[in-house]
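# Tertiary structure, described
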Amino acid sequence: MKVFITGAAGFLGRYIAEEFRRAGHKVSGIDVRPADNSSLRPGEAYRQMELPDQALFDVLGQIQPDVCVHCAGGASVAASLENPAADFRSSVVVTEELLSAINKMSPRCRTIFLSSAAVYGQPSALPITEDAPTSPLSPYGYHKRMCELLFEQAAVI
């Protein structure tokens, strides 16, 4: 299986990449950061890229992944409060571009999105279940929820 990971040099992305690699899958990925300290290697398996970037369409066309794990995007409630527009771009705009590129270049690719409990705000009960109502309290939570909705939309198109 060919696995493509966005945010592949990040905290979650590098561990996810390593697990897929250990399971014998071919792993490739992108991130805004260099591949240093990542389980992905520079070269064919890894490309440093800041989304949105039209080159993503070429990368997906070449790789033809079976699965995409989307780890890229905003990662901080505090940063989203400080600069909501930047968080929107790094989460919502990047997600829309990724889904658009997958739809066009690799439509059979299955996608996995790593969201956040921040979409639930202050939950009324713990543990939080997937059917709990969403009620984000920060730009970060709203943007993660927007990304979830983009994935829901992509699933029905």
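Note that the coordinates shown come from a computational prediction; the quantities given were computed from them, not determined experimentally.

Another aspect to go through is the pattern of salt bridges. Summed over all chains, the structure comprises five salt bridges. With a shortest N-O distance of 2.8 Å, Glu148 and Arg145 are connected by a salt bridge. Taken as a pair, Glu148 and Arg145 lie in helix H5 (residues 139–156) at a separation of three residues, close to a single helical turn. Taking relative accessible area as the criterion, Glu148 reaches 18% and is therefore assigned buried. With its nearest N and O atoms 3.4 Å apart, the salt bridge here joins Glu152 to Arg145. A relative accessible area of 44% means that Glu152 is categorised as partly exposed. What you see here is one network of salt bridges that share partners, running through Glu18, Glu19 and Arg22.

Now for the packing of helix H4 (residues 84–105) against H5. Where H4 meets H5, the axes come as close as 9 Å, and the angle between the chain directions of the two elements is 10 degrees. Taken together, the axis directions place H4 and H5 in an arrangement best described as roughly parallel. Where H4 abuts H5, its residues Pro84, Asp87, Phe88, Ser91, Val92, Thr95, Glu96 and Leu99 lie against Pro139, Tyr140, His143, Met146, Cys147, Leu150, Phe151 and Ala154. By residue class, the composition of the contact of H4 with H5 is eleven nonpolar, three polar and two charged.

Each pocket or cavity is described by its volume, and for the largest pocket that value is around 570 Å³. Cys71, Ala72, Gly73, Gly74 and Ser90 are the residues nearest the centre of the largest pocket, which is lined by 27 residues in total. The set of elements that each furnish at least two residues to the lining of the largest pocket consists of helix H1 (11–22), strand E2 (26–31), H4 and H5. For the lining of the largest pocket, the element with the highest residue contribution is H4, accounting for five residues. For the lining of the largest pocket, a count of residues per class yields 15 nonpolar, seven polar and five charged. Considering the residues around the second largest pocket, the lining is formed by 16 residues, among which Leu99, Ile102, Asn103, Ala154 and Ala155 are closest to the centre. Those elements that place two or more of their residues in the lining of the second largest pocket are H4, strand E5 (110–113) and H5.

Reading guide: rules and limits
Residues numbered from 1 in each chain as written. Predicted model: local features only at pLDDT ≥ 70, side-chain atom pairs only at ≥ 80, totals over all residues. Heavy atoms only, no water. Salt bridge = Lys/Arg side-chain N within 4 Å of Asp/Glu carboxyl O. Helix = DSSP H or I, 4+ residues; strand = E, 2+ residues; numbered from the N terminus. Buried < 20%, exposed > 50% of the residue type's maximum accessible area, 1.4 Å probe, protein only. Axes fitted to C-alpha atoms, helices over the stretch in contact; angles between N-to-C directions. Parallel < 35°, antiparallel > 145°, perpendicular 65-115°, else oblique. Contact = heavy atoms within 4.5 Å. Nonpolar A, V, L, I, M, F, W, Y, C, P; charged D, E, K, R; others polar. 1 Å grid on protein atoms, 1.4 Å probe; cavity = no way out; pocket = protein on both sides within 12 Å on 5 of 7 lines; lining within 4 Å. Points joined across faces, edges and corners; volume = space filled by probe spheres on them.

Interpretation in functional terms is not warranted from these geometric data alone.
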